[in-house]
Amino acid sequence: MPIDPTLPYDDNNLFAKILCGEIPSQKVYENDWAFAFEDINPQAETHTLVIPRGRYVSWDDFSAKASAEEIVGFVRAVGEVARAKGLVGPGYRLMANIGAHGGQEVPHLHVHLFGGQPLGPMICKQR
Ligand code: AMP
């Protein structure tokens, strides 16, 4: 069920619980700004999620309210995860879903990192 990205941050959301260790995850990386873990339902050979430590509902919320330090820290972390997974040479794809049209289901910003295989067309046309 897609979330409403205009609602305030919900401290009980799934990824907040993963961040604090209340719900287990397959961690692949963490630093002061970000935490990365494997998607539970991978859509590609590599499907990793990278989330900021800060309380941001979506990319919209993050890009509007995060400090420059948080933004730099997070963006660099996404790149570090991709490099650590050896994805740069063969190539990979980043995706951040926002709200209903984006199909966002968890109200804590997350960047999907897909790779390990050719990923096909950017988007499937619905009509
Ligand atoms: P989105 O639709 O962009 O909000 O993506 C949410 C992603 O979270 C989906 O790809 C789910 O497979 C993934 N997901 C849901 N629950 C978990 C979990 N417990 N651990 C890891 N990934 C999860």
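This section reports on the structure supplied with the text.

Analysis parameters
Every chain is numbered independently, its residues counted from 1 as its sequence is written. Reporting in this predicted model follows two pLDDT cut-offs: at least 70 for local features of residues, and 80 or more for side-chain atom pairs to be given and counted; totals over whole chains, interfaces and linings ignore these cut-offs and use all residues. Only hydrogens and water are removed before side-chain values are computed, so all heavy atoms of the structure are retained for them. What makes two strands pair is DSSP finding at least two bridges between them. Runs of E in the DSSP output that reach at least two residues are strands. Runs of H or I that reach at least four are helices, and both are numbered from the N terminus. Inter-axis angles, ranging from 0 to 180 degrees, are taken between N-to-C directions of lines fitted to C-alpha atoms, where helices are fitted over the stretch in contact. What makes two residues a contact is simply this: any of their non-hydrogen atoms within 4.5 Å. A 1.4 Å probe rolled over the protein chains alone gives each residue an accessible area, and that area as a share of the maximum for its type sets the label: buried under 20%, exposed over 50%, partly exposed in between. Side-chain atoms alone can form a polar contact between residues adjacent in sequence; in general such a contact is a pair of N or O atoms within 3.5 Å, and within protein one must be able to donate a hydrogen while the other accepts it. Grouping buried Ala, Val, Leu, Ile, Met, Phe, Trp, Tyr and Cys residues that are joined through side-chain atoms within 4.5 Å yields what is termed a nonpolar core. Between Lys or Arg on one side and Asp or Glu on the other, a salt bridge is scored when a side-chain nitrogen of the former is within 4 Å of a carboxyl oxygen of the latter.

### Describing the sheet that holds strand β1 (residues 27-30)
Within the open sheet, the five strands sit side by side as β1-β2-β3-β5-β4. Their pairing is antiparallel. Looking at which strands have only one partner, the edges of the open sheet turn out to be β1 and β4 (92-95). On average, each strand axis in the sheet is tilted by 20° relative to the strand beside it, whichever way the strands run. In the packing of helix α3 (residues 68-84) onto the sheet, contacts are made with β1, β2 (34-38), β3 (46-52), β4 and β5 (111-115), and the angle to β3 comes to roughly 160°.

### Overview of the side chain of H47
Structurally, H47 can be placed in strand β3. Judged by its relative accessible area of 4%, H47 falls in the buried class. A polar atom in the side chain of H47 sits 3.0 Å from the backbone nitrogen of Q43. The residues contacting H47, other than those within four sequence positions of it, are E38, D39, N41, P42, H112, L113 and F114.

### Notes on the nonpolar core
Side chains that are nonpolar tend, in soluble globular proteins, to be buried together. Residues V50, F62, F74, V78, V81 and L113 are the most contacted members of the largest nonpolar core, which totals 16 residues. Ranked by the residues each element gives to this core, the list is headed by α3, at five residues. Core analysis: the second largest hydrophobic core is formed by eight residues, F15, F35, F37 and I51 among them.

### A short note on the environment of D39
Along the chain, D39 turns up in the loop between β2 and β3. Judged by relative accessible area, D39 falls into the buried class, the value being 15%. Residues D39 and Y92, spaced 53 residues apart in sequence, show a C-alpha to C-alpha distance of 15 Å. In this structure D39 touches H47, T48, L49 and H112, once residues within four positions along its chain are discounted. Within polar-contact distance, the side chain of D39 engages the backbone nitrogen of N41 at 2.8 Å.

### Focus on the pattern of salt bridges
Counted under the stated rule, the structure contains five salt bridges. Where D11 meets R55, a salt bridge forms, and the shortest distance between an N and an O atom there is 2.9 Å. In this pair, D11 is assigned in the segment before α1 (14-19) and R55 in the loop between β3 and α2 (59-65), connecting sequence segments 44 residues apart. Between E30 and R53 there is a salt bridge, with the nearest N and O atoms lying 2.6 Å from each other. In this pair, E30 sits in strand β1 while R53 sits in the loop between β3 and α2, placing the two residues 23 residues apart along the sequence. By relative accessible area, E30 is classed as partly exposed at 38%. Where salt bridges share partners, they join K27, E30 and R53 into one cluster.

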